[in-house]
Amino acid sequence: MRGVARGETSRLKAFYKQVLRDARGLQCRSTVLLMAVVTIATTLMGMMYMRVSARLATERNERFSRLLARSIATSSADALGYQDREELLKVAQHLMSDDKIAYIAFADLSGTIIAGSQQGAGQFGKFLSGEGARIQVHPLDRPTLVADSNLGPRIDIVYPVEDTSPEAMHLVPRPVVGFVRLGLNMADVDRALMATGRQVTGISIGVVLLMVPLGFEIVRRIVSPLNQISTAALELAGGRLGTRVSVVRGDEIGRLAEAFNRMGDDLQRSHDALVKLNSELELRVARRTEQLSESNRLLHIEIAEREELLRAVSHDMHAPLRNISGQTMLLRRKTTGLPETVSHGLERIEHNAKYAIDMIDELLELSRVRTVREPSQELDLEKEIREIVRQLEFELEGKGIVFEIEGQLPTMVAYRRRIRQLFQNLIDNSIKYTPSAAERGERQASIRVSSRAREGEFEFRIADRGIGVRPEDRRTIFNVFSRARTQFVSRTPGKGVGLSHCKGIVQLYGGQIWVEENPGGGTVFCFTLARPEALKPSEAKPAEATTELETVGAAHG
């Protein structure tokens, strides 16, 4: 029983939702709008008909009242001229036999009533009872529609009575001997208009009720094709591109259906072409992917072979160079009395051998940036940088450089040795290319390290007051073995490997490194370390290889 009740409730809810949906639909709203238009039009037409009918009836009765008043004035001219009250009273009572006449009164030139009569009792009877009663005799010959609670609606008219005696026949205009005031009863006209109004109201209600099914059917015939097109559009949007509508009409709806079918045909052709192109594209992508995979495999093999060659060459060159350096040093120590030129030559051999050994060591370290891994650990960057500064304290004091850390540096998880190498190379680079206190005179020298968190990454800035970097050299200073040929750079120790090493470390963490001009003189080295790659550097996507030996001239090394 409970399941049956739930099913009945579900059906009632579904029916209620369907009713609400249909009530908000175009067919229902169009039917209501049509009914409203028909109702308003029928009501306005009924009101207009009643108004025109009332005006025509009033005008007809006004003409009749004018003719009747003129006839009475002509027939009673002699009696009114002699003020024969008995004769006038007979005329008035005789006229009262006609129900259309509400009242009649005869008055002299001053408006004093001589005789008169009316249907029933009312306000006008007060003028007929008693001596000296007066009536308003102006305006003349102007029928007026009036109404009161006693006599009802009527047309009231005052008409002048002209003298018809032989003596006055030749006078123009004829003298007026008195007035007749006539009230024409409009009760029958009012009743007729009321009956007509009821008939018109009944006809209007019948028309409106007749228009309910008729209007619904008319709207249904108009809306049904639109519903068919709407359903087909939903199916077309759902992916059924073969959906078409079978609406054949010569009006706007027929043209809409024709346009819909043409659109479906165009979509079908476009879909077929797209499927074909997609198949071709997938085939091309598969072939290209296979080619790229093979090229990538060969590239990895080539890079591995180059790195292995670099390590092998570096290792093979390392031993003889150390042997040369050692033999030269031993020869200088155990041999005395050598000529100055020979001694100087031995010194140059020892110096160049040591220089080559250092360069080979740096190249080996550079080749290990992307291959050698170490455990990641949480680093307090401010603590690590201050330890680096303590190691470089002698160089900083020797050149009178002030080191500062602006703001708070972040804590991050990274390879400690790589991050220390990055900051140490950049700070040491700033120290090397900052003139000594004697060379720069009174100008203050400082190195400032700052950072800020950006969306998805940290940005670090190391600003110095050194010799600066020319704009044309800023793109090449991170190439390996890149050094500018200036007097200051030539007498500054360096091999052009340190900044390339920094670039490799930054790329290992998914970042970028660049150079900006420091306002007031000097250089600002900027680099980013990406987040969350900075927290998991082993997952960072390798950037371009930095072990390639590029020998392009630049400003720093």
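Worth saying up front: this structure is predicted, and the values here are computed from it rather than measured. (Residues numbered from 1 in each chain as written. Predicted model: local features only at pLDDT ≥ 70, side-chain atom pairs only at ≥ 80, totals over all residues. Heavy atoms only, no water.)

Chemist: What exactly am I supposed to notice about the sheet that holds strand 1 (residues 101-107) here?
Modeler: Two orientations exist for strands paired in a sheet by backbone hydrogen bonds: parallel and antiparallel. Strand order in the open sheet formed by 5 strands is 2-1-5-4-3, and the pairing between neighbours is antiparallel. Taken across any chain shown, the strands that pair with only one partner, and hence form the sheet edges, are strand 2 (113-118) and strand 3 (144-146). Geometrically, the sheet is characterised by an average inter-axis angle of 20° between neighbouring strands, direction not taken into account. (Pairing = 2+ DSSP bridges. Helix = DSSP H or I, 4+ residues; strand = E, 2+ residues; numbered from the N terminus. Axes fitted to C-alpha atoms, helices over the stretch in contact; angles between N-to-C directions.)

Chemist: So what exactly am I meant to see when it comes to the sheet that holds strand 10 (residues 457-464) here?
Modeler: Here we have 5 strands laid out as an open sheet, ordered 7-9-10-12-11, and mixed in their pairing. The open sheet terminates on both sides in strands that have one partner only, identified here as strand 7 (401-405) and strand 11 (513-517). Across the sheet, the mean angle separating the axes of adjacent strands is 20° when strand polarity is ignored. Pairing analysis gives 5 bridges linking strand 7 to strand 9 (residues 445-454), with the strands arranged parallel. Each residue of the ladder has a partner; that of Val 402, found in strand 9, is Ser 446. Relative to strand 7, helix 9 (residues 381-391) is tilted by about 170°, and along the sheet it contacts strand 7, strand 9 and strand 10. In the packing of helix 14 (residues 498-508) onto the sheet, contacts are made with strand 11 and strand 12 (523-530), and the angle to strand 12 comes to roughly 25°. (Contact = heavy atoms within 4.5 Å.)

Chemist: Help me out: how do you make sense of the environment of Asp 428 in this one?
Modeler: With respect to the helices and strands, the residue Asp 428 is situated in helix 11 (residues 416-432). Classification of Asp 428 by relative accessible area gives partly exposed; the value is 26%. Taking the C-alpha atoms as reference, Asp 428 lies 7.6 Å from Leu 392; in sequence the two are 36 residues apart. (Buried < 20%, exposed > 50% of the residue type's maximum accessible area, 1.4 Å probe, protein only.)

Chemist: Looking at this structure, how should I read helix 4 (residues 85-95)?
Modeler: Side chains of residues three or four places apart in an α-helix project in the same direction, reflecting 3.6 residues per turn. Of all the residues in helix 4, the buried ones are Leu 88, Ala 92 and Leu 95. Down the axis, helix 4 shows its buried residues gathered within 65° of arc, on one side only. Those residues of helix 4 that are exposed and aimed more than 90 degrees away from the buried face are Glu 86, Lys 90 and His 94. (Arc of directions from axis to C-beta.)

Chemist: Honestly, the environment of Gly 46 in this entry has me stumped. Any pointers?
Modeler: Tracing the backbone shows Gly 46 in helix 2 (residues 26-75). A relative accessible area of 11% means that Gly 46 is categorised as buried. Considered as a pair, Gly 46 and Ser 204 are 158 residues apart in the sequence and their alpha carbons are 7.5 Å apart.

Chemist: Whenever I open this one, the pattern of salt bridges confuses me. Can you help?
Modeler: Two side chains with opposite charge may pair up if their charged atoms get near one another. Scanning all chains against the criterion turns up 21 salt bridges. Linking Arg 181 and Asp 156 is a salt bridge whose minimum nitrogen-to-oxygen distance equals 3.0 Å. Of this pair, Arg 181 sits in strand 5 (residues 176-185) while Asp 156 sits in strand 4 (residues 154-162); the two residues are 25 residues apart in sequence, bridging distant segments of the chain. For Arg 181, a relative accessible area of 17% corresponds to the buried category. Its salt-bridge partner being Glu 406, residue Arg 448 comes within 3.4 Å of it at the nearest N-O pair. With Arg 448 in strand 9 and Glu 406 in the loop between strand 7 and strand 8 (411-414), this pair connects stretches of sequence that are 42 residues apart. Taking the relative accessible area as the measure of exposure, Arg 448 reaches 29% and is therefore partly exposed. Here the salt bridges share partners, and the residues they tie into one network are Arg 452, Arg 454, Glu 457, Glu 459, Arg 461 and Glu 516. (Salt bridge = Lys/Arg side-chain N within 4 Å of Asp/Glu carboxyl O.)

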